[in-house]
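Residues per chain are reported as follows:
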Amino acid sequence: MDARDADLKKELDATLRTRRELGEEYESALVDSFLEKVDQRIDGAVERRVRRQLAEQQMTAARDSRSPRPTDSFGERFGFGIVSLVLAIPLSAIGGGVANLPGMLVAWAGIVGVNVVQVARTNPGLFGHRRRAERGDAWED
């Protein structure tokens, strides 16, 4: 039993004691007074629940508006691919000239890494369904 239930029980006990002291002629007024207090409790509980649900909806909407939007346009992908290939030529030459084959492999690992990060940024659901599962869109097995 929580504190609010205990308070309500005390109110009921007080109402019943008052009825015994005052007699049956005040019974209607006492019952109406007690029911008004119960109504206020119910209204308060409903109001708190509604406020909590509205706050949760606002938080969800705020999170969704902050999440990055996929910008997976053909022009962006094509431009990024061209820039990567153009920059790959001097990076390969520098890496190969300084450290031979290991230097070239490091340069190409960096180029591939940058491209993977770009793909992951523009297509958030490509490498896993974590976002969809967090939103509750996906069925769980």
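All of these numbers come straight from a predicted model, not from anything done at the bench.

### Observations regarding the overall build of the chain
Then step 1. Across its full length, the chain carries 4 helices and 0 strands.
Then step 2. Starting at the N terminus, the α and β elements of the chain follow one another as α-α-α-α.
Then step 3. Of the contacts made within the chain by residues no fewer than 6 positions apart, 49% connect residues no fewer than 24 positions apart.
Then step 4. For the chain, the exposed area adds up to about 11500 Å²; of that, 61% sits on carbon and sulfur atoms.

### A word on the UniProt feature "transmembrane region" (unreviewed entry) in the chain
Then step 1. The residues that UniProt annotates with the feature "transmembrane region" (unreviewed entry) are residues 78–99 and 105–122.
Then step 2. Helix makes up 100% of residues 105–122 and strand 0%, and the two end C-alpha atoms of the span are 26 Å apart.

### Regarding unusual backbone geometry
Then step 1. Of note in this structure, N100 is not a glycine but carries a positive phi near 55 degrees.
Then step 2. Along the chain, N100 falls in helix α3 (residues 74–122).

### Overview of helix α1 (residues 3–22)
Then step 1. A rise of 1.5 Å per residue sets the reference length of α1, with its 20 residues, at 28 Å; its end C-alpha atoms lie 28 Å apart and thus fit the reference within 8%.
Then step 2. Looking one or two places after α1, you find G23, whose phi comes out positive at around 100 degrees.

### What to know about the pattern of salt bridges
Then step 1. Within this structure, the stated rule accounts for 6 salt bridges.
Then step 2. D13 is the partner of K9 in a salt bridge, and the nearest nitrogen-oxygen pair spans 3.8 Å. In this pair, K9 and D13 both sit in helix α1, 4 residues apart, roughly one turn of the helix.
Then step 3. For K9, a relative accessible area of 43% corresponds to the partly exposed category.

### Notes on a nonpolar patch on the surface
Then step 1. A cluster of nonpolar residues, L85, L101, M104, L105, W108, V112, V116, V119, L126 and F127, forms a patch on the protein surface that exposes about 970 Å² of accessible area.
Then step 2. Note that W108 resides in helix α3.

### Some remarks on α3
Then step 1. If you check α3, its first and last C-alpha atoms are just 11 Å apart, much less than what 49 residues at 1.5 Å a residue would give, namely 72 Å.
Then step 2. Remark: the principal bend of α3, roughly 145 degrees, maps to A99, with a proline, P102, within the next four residues.
Then step 3. Where α3 is concerned, the buried positions are S84, A88, S92, G95, G96, G103, A107, I111, Q118 and T122.

The rules behind the values
- Per chain, residue numbering runs from 1 following the sequence as it is written.
- In view of the model being predicted, local features appear only for residues whose pLDDT reaches at least 70, and side-chain atom pairs are presented and counted only at 80 or more, with totals across whole chains, interfaces and linings using the full set of residues.
- Side-chain measures here rest on the full set of heavy atoms in the structure, leaving out hydrogens and waters.
- Here a strand is any run of E in DSSP of at least two residues, a helix any run of H or I of at least four, and the numbering for each starts at the N terminus.
- A contact between two residues is defined here by any heavy atoms of the two lying within 4.5 Å.
- For the area figures, the Shrake-Rupley method with a 1.4 Å probe applies, and any residue is considered shielded solely by the protein chains shown.
- UniProt positions are given in the numbering used here, feature names are shortened, and annotations may be inferred rather than shown by experiment.
- Working rule for helices: expected span equals 1.5 Å times residues minus one.
- Here a salt bridge means any side-chain nitrogen of Lys or Arg lying within 4 Å of a carboxyl oxygen belonging to Asp or Glu.
- Each residue is assigned to one of three classes by its accessible area relative to the maximum for its type, calculated with a 1.4 Å probe on protein chains only: buried under 20%, partly exposed between the two thresholds, exposed over 50%.
- The patch calculation keeps residues exceeding 30% relative accessible area without a salt bridge and links them within 9 Å when they carry like charges or within 5 Å when they are nonpolar (Val, Leu, Ile, Met, Phe, Trp, Tyr).
- One axis is fitted to the seven residues ending at the residue and one to the seven starting there. The bend at that residue is the angle between these axes.

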